[in-house]
Amino acid sequence: MTSDAVRIRSVEPEFPALHSRTQGFGLGTPRQITLGADRVLFLRGEADHPRQSLWISDADGERVLVDPETVMPAADADIPPEELARRERARERGSGVVRYACDDDVSHAVFSLGGRLLVTDTTTGQTELLAVDGPVVDPRPDPTGQRIAYVEGEALWTVRLDGTNAPRRLAHDPDPNVSWGLAEFVAGEEMGRTRGFWWAPDGRSLLAQRTDVAGVHRWWIAAPVDPDSAPTPIRYPAAGTPNAEVTLALLTLEGLQTPVEWDRDAWPYLADVRWAEGHEPVLVVQSRDQEELALLDVDTATGTTSVRSLERDTPWIELIDGSPSWMPDGRLVRAVQTDDTRRVEVGDELLGDHDLLVRSIVGTTDTAVIVTADVRSRPWCTVVARITTDGRTELLSDPHGVADATMGGGRLAISQRTPDTTAVTVTIDDGTSIASVAMPAPPLPVVRHAPVGRCEEIVTELFTPDWWTPADGPLPVLLDPYGGPGARRVLGAGAANLTSAWFAANGFAVLVTDGPGSPGHSLSWSARIAGDLAGPTLQGQIDALHRTAEQHVDLLDLQRVAIRGWSFGGYLAALAVLRRPDVFHAAVSGAPVTDWRLYDTHYTERYLGHPDTAGMAYDRSSLIADAPALSRPLLLIHGLADDNVVSAHTLRLSRALLEAGRPHEVLPLSGVTHFTPDESVNTNLLLLQLDFLRRALSL
């Protein structure tokens with residue numbers, strides 16, 4: 001049978017709705033686990049509803065501590081805009097209780113619902129609504145469990161946890177451009193920091209962030225479907241433009257302020273603050289080009305700082321969660337870049353297996369550092385490992401899966417995903433576990449060509465329909481990558497690529513590839529995109545396609561090759577049909593960056609440099625000038641409420657295509673941000689993409 005007669009079947013029509021309803025079969029999985037000495041707190045909801053409750057597991061078993069429907073049924077209808085922004089930065093798609101914070105002994109949990117402040121006694125199970133005005137954002141108790149700090153009206157407040165005193169405003173500025181206690185845009189979007197204040201271990205003072213956005217360019221997010229609504233202003237630090245001015249102050253409970261001074265010209269980015277019992281606070285700060293990372297000790301009496309350590313590397317230094325930490329004996333623990341990998345340094349001694357690329361520092365014991373790490377020889381795997389101070393490394397999780405961990409109360413909990421199931425198991429090192437009620441994904445009629453393949457350093461996974469035989473002729477091909485820095489698609493986890501498998505079940509050979517720039521391999525592999533986000537990433541997809549075709553003779557129809565993606569994957573999809581129409585015959589481009597000068601400072605300048613001095617890198621990596629070259633079907637999709645990759649990216653490319661007379665399709669998503677939890681939108685997006693690809697490839 002020739003490729004013109006490829007058999008296409010419509011299978012699993014209910015899968016898109018089920019996948020959307022369960023958020024990729026992840027709802028019902030325990031998350032945000034907090035370990036105490038004799039109890040565990042966590043969030044969990046139902047398998048098919050995003051609303052989450054706060055649970056406890058102790059000697060009496062598992063039970064609900066806070067059911068948001070009982071405590072405050074209409075809470076999700078009245079979420080303050082600052083909290084909505086935080087959730088967007090964190091890609092939070094849940095509802096109900098989406099975040100909570102505890103004191104050191106996990107005797108109290110503090111959270112907000114609908115902007116109201118609530119505290120739960122985890123021993124009695126009693127939940128109280130505290131009498132504060134609100135709306136409350138990011139409430140956190142002090143480590144001793146006496147007070148709660150929170151943000152209200154862009155000011156920082158405290159109140160006693162038992163509600164016996166009136167709230168006290170610790171820091172406020174009448175300038176509408178200034179806020180206290182909130183993380184700025186690039187911290188939440190790119191640094192993984194969504195908080196803006198830190199309690200002292202003794203609960204008697206705080207370090208608080210002051211953010212001034214006066215110099216940040218103002219953009220507007222419009223709602224075209226509602227012409228009565230005024231556009232929403234946002235402060236967006238596009239590449240080469242001013243960032244927010246971020247400073248710190250030490251605040252006493254009486255509101256006295258001591259400014260914290262450091263060389264903000266050298267290190268303008270505040271990446272993290274670490275303040276542990278028995279230690280003065282340490283600031284983690286970065287240079288704007290991200291080639292320097294400094295740890296600064298803070299003198300809490302004067303606000304002055306001194307350099308604890310300074311790391312320099314090119315083309316950039318990654319921020320690592322949990323670094324720095326401390327050993328119980330006081331030695332500093334940090335993750336450092338060395339020998340083309342990332343290892344643990346305890347004091348002045350480098351530790352750890354060279355094959356492990358440290359991803360986070362989970363915690364420490366008397367004799368070891370617990371980390372998560374990518375496995376360089378199997379870059380689709382992330383493990384939890386114990387690195388002892390005498391140099392030994394012990395894996396604590398499945399070496400072929402993807403794991404994460406948390407520590408507290410002298411215990412360690414590991415969340416484990418494996419390739420052969422969509423389930424997530426949560427086990428604690430005392431032999432107990434936390435149940436998941438997530439729905440298992442239905443089996444799809446596909447063949448996953450496993451084990452996960454590898455072409456040199458390019459990691460690839462291939463899905464094909466299980467009904468295919470050589471007599472059916474070669475299959476049309478769909479590349480389904482993210483393909484850029486910071487994220488992997490090929491993972492040792494059964495739920496990682498279910499949508500790719502669904503497209504395969506509908507008649508495609510689907511190729512998922514992590515190419516140059518993707519994490520998990522080595523520092524040099526990630527750095528291959530420095531100065532050029534287009535060339536290496538696109539060539540990596542092409543190399544994987546051709547090598548897979550060589551390995552699976554007569555399986556892939558190279559005359560019918562499509563590509564789809566979202567965010568960086570959307571950029572890569574549009575790039576593919578614009579620059580290599582000889583290889584790619586159709587593309588679905590969702591929320592793409594089309595002009596890197598319109599994307600944020602911290603991400604873009606890390607890879608391309610400052611546009612004032614690296615203009616050619618931006619020209620080389622952007623798409624607008626390529627518009628006249630379009631000769632293949634292209635579907636552009638973009639949420640009009642997106643404040644991360646703003647819709648101007650797609651609209652500018654569409655305008656350039658129209659001016660060049662190049663036909664294309666645009667699907668605007670009204671009211672949708674960069675990612676949407678809306679079930680119907682997500683369901684129909686998959687179905688519409690399948691329909692477009694079939695039409696574009698004449699299937």
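Before any of the text, the structure's been laid out above.
Reading the values: rules and limits
Residues numbered from 1 in each chain as written. Predicted model: local features only at pLDDT ≥ 70, side-chain atom pairs only at ≥ 80, totals over all residues. Heavy atoms only, no water. Helix = DSSP H or I, 4+ residues; strand = E, 2+ residues; numbered from the N terminus. Contact = heavy atoms within 4.5 Å. Pairing = 2+ DSSP bridges. Axes fitted to C-alpha atoms, helices over the stretch in contact; angles between N-to-C directions. Core = buried A, V, L, I, M, F, W, Y, C linked by side-chain atoms within 4.5 Å. Buried < 20%, exposed > 50% of the residue type's maximum accessible area, 1.4 Å probe, protein only. Phe/Tyr/Trp six-rings, centres within 6.5 Å; stacked < 30°, edge-to-face > 60°. 1 Å grid on protein atoms, 1.4 Å probe; cavity = no way out; pocket = protein on both sides within 12 Å on 5 of 7 lines; lining within 4 Å. Points joined across faces, edges and corners; volume = space filled by probe spheres on them. Nonpolar A, V, L, I, M, F, W, Y, C, P; charged D, E, K, R; others polar. Salt bridge = Lys/Arg side-chain N within 4 Å of Asp/Glu carboxyl O. Expected span 1.5 Å × (residues − 1). Parallel < 35°, antiparallel > 145°, perpendicular 65-115°, else oblique.

Asks: Would you take a moment to explain the environment of Pro611 for this structure?
Replies: Counting through the fold element by element, Pro611 comes out in the loop between α9 (601-608) and α10 (615-621). Put simply, Pro611 and Trp596 are 15 residues apart on the chain and 9.3 Å apart in space, counted from C-alpha to C-alpha. Setting aside its immediate chain neighbours within four residues, Pro611 contacts Ala239, Gly240, Glu605 and Tyr618.

Asks: Explain the sheet that holds strand β23 (residues 292-298) to me, please; I cannot follow it from the model alone.
Replies: Neighbouring strands of a sheet are bound in pairs by backbone hydrogen bonds; such pairs are parallel or else antiparallel. Spatial ordering of the open sheet is given by β21-β22-β23-β24, a layout of four strands whose pairing is antiparallel. Of all the strands in the sheet, just β21 (269-274) and β24 (305-312) have a single pairing partner and so form its edges. Between one strand and the next, the sheet's axes are offset by a mean angle of 20°, whatever the strand orientation. Here β23 runs beside β24; their pairing, made up of seven bridges, is antiparallel. Across the sheet, the residue bridging to Leu296 is Val307, located in β24.

Asks: Explain the nonpolar core to me, please; I cannot follow it from the model alone.
Replies: In summary, soluble globular proteins display a tendency toward joint burial of nonpolar side chains. If you look at the biggest cluster of nonpolar residues, it comprises 71 residues, and the most contacted ones within it are Leu479, Leu533, Leu545, Tyr571, Phe584 and Trp596. Among the elements that take part in this core, helix α8 (residues 568-579) stands out by supplying nine residues, more than any other. Leaving out residues up to four positions away in the same chain, Tyr571 has contacts with Leu533, Ala534, Ser589, Pro592, Val593, Trp596, Ser621 and Leu623.

Asks: I would appreciate a short explanation of the pairing of strand β29 (residues 356-364) in the present structure.
Replies: As a general feature of sheets, a regular strand has side chains that alternate between the two faces. Burial within β29 is extensive, with seven of its nine residues counted as buried. The pairing of β29 with strand β30 (residues 368-375) spans seven bridges and is antiparallel. The partner of Thr364 across the bridge, within β30, is Val369.

Asks: Hey, could you run me through the packing of aromatic side chains in this one?
Replies: Two measures describe an aromatic ring pair: the distance that separates the ring centres and the angle between the ring planes. This model, assessed by the stated rule, comprises 15 aromatic pairs. Ring centres 5.2 Å apart and planes at 55° place the aromatic pair Phe185 and Tyr236 in the tilted group. Of this pair, Phe185 sits in helix α4 (residues 185-191) while Tyr236 sits in the loop between β18 (232-235) and β19 (245-252), and the two are 51 residues apart along the sequence. Here Phe185 matches Tyr236 in class, with each residue buried.

Asks: Can you walk me through empty space enclosed by the protein in this structure?
Replies: If a probe the size of a water molecule is rolled over the atoms, the empty space left behind becomes visible. Evaluated as defined, the whole model comprises three cavities of 30 Å³ or more. Volume-wise, the largest cavity comes out at about 50 Å³. Taken together, Ala75, Asp76, Ile79, Pro80, Glu83, Arg87, Gly96, Ser112, Leu113, Gly114, Gly115 and Val136 form the lining of the largest cavity. Going through the elements one at a time, α3 (81-90) and β7 (108-113) are the ones with two or more residues in the lining of the largest cavity. Looking at the lining of the largest cavity residue by residue, the class counts come to five nonpolar, four polar and three charged.

Asks: Quick question: what am I supposed to make of the environment of Ala294 here?
Replies: Looking at where Ala294 falls in the secondary structure, it is placed in strand β23. Each C-alpha atom of the pair Ala294 and Ser309 lies 5.7 Å from the other, and the pair is 15 residues apart in sequence. Once you skip the residues sitting within four places of it in the chain, Ala294 turns out to touch Trp267, Leu283, Val284, Val285, Ser309 and Leu310.

Asks: Please clarify how the pattern of salt bridges should be interpreted in this entry.
Replies: A side chain with one charge can pair with a side chain of the opposite charge if their charged atoms come near. Applying the stated criterion across every chain yields a total of 36 salt bridges. The shortest N-O distance in the salt bridge between Arg264 and Glu245 comes to 3.7 Å. You can see Arg264 sitting in the loop between β20 (257-260) and β21 and its partner Glu245 sitting in strand β19, a full 19 residues away along the chain. Owing to a relative accessible area of 32%, Arg264 belongs among the partly exposed residues under this scheme. The structure contains a network of salt bridges with shared partners spanning Arg89, Arg91, Glu189 and Asp643.

Asks: Please explain helix α12 (residues 679-696) as it appears in this structure.
Replies: An α-helical turn contains 3.6 residues, so a residue and the one three or four places further along point in the same direction. Taking 1.5 Å of rise per residue, 18 residues should cover 26 Å, and α12 covers 26 Å from first to last C-alpha, within 8% of that figure. Those residues of α12 lying buried are Thr683, Leu685, Leu686, Gln689, Leu690, Phe692, Leu693, Arg694 and Ala696. Where α12 ends, the next residue or the one after it, Ser698, has phi of about 55°, a positive value.

Asks: Before we go on, may I ask you to explain the packing of helix α7 (residues 535-551) against α8 in this structure?
Replies: When two helices pack together, their arrangement is given by the angle between their axes and by how far apart the axes lie. At a minimum axis distance of 10 Å, the contact between α7 and α8 shows a crossing angle of 75°. On the basis of their axis angle, the class for α7 and α8 is roughly perpendicular. Each of Thr537, Leu538 and Gln541 in α7 lies in contact with α8, whose residues at this interface are Phe568, Leu572, Leu575, Ala576 and Arg579.

Asks: Please explain the pairing of strand β1 (residues 31-35) as it appears in this structure.
Replies: In this sheet, strand β2 (residues 40-45) lies alongside β1 in antiparallel orientation, the contact comprising three bridges. Residue Arg31 lies in a different strand from β2, and its bridge partner there is Leu43. Where β1 folds back on β2, the antiparallel hairpin that results is connected by four residues.

Asks: Please clarify how the sheet that holds strand β10 (residues 137-141) should be interpreted in this entry.
Replies: Taking strand neighbours across the sheet as the criterion, the four strands line up as β10-β11-β12-β13 in an open arrangement whose pairing is antiparallel. One side of each edge strand has no neighbouring strand; the edge strands of this open sheet are β10 and β13 (168-171). Geometrically, the sheet is characterised by an average inter-axis angle of 25° between neighbouring strands, direction not taken into account. Relative to strand β11 (residues 147-152), β10 runs antiparallel, the two being bridged by three bridges. Bridge pairing in β11 places Arg140 opposite Ala149.

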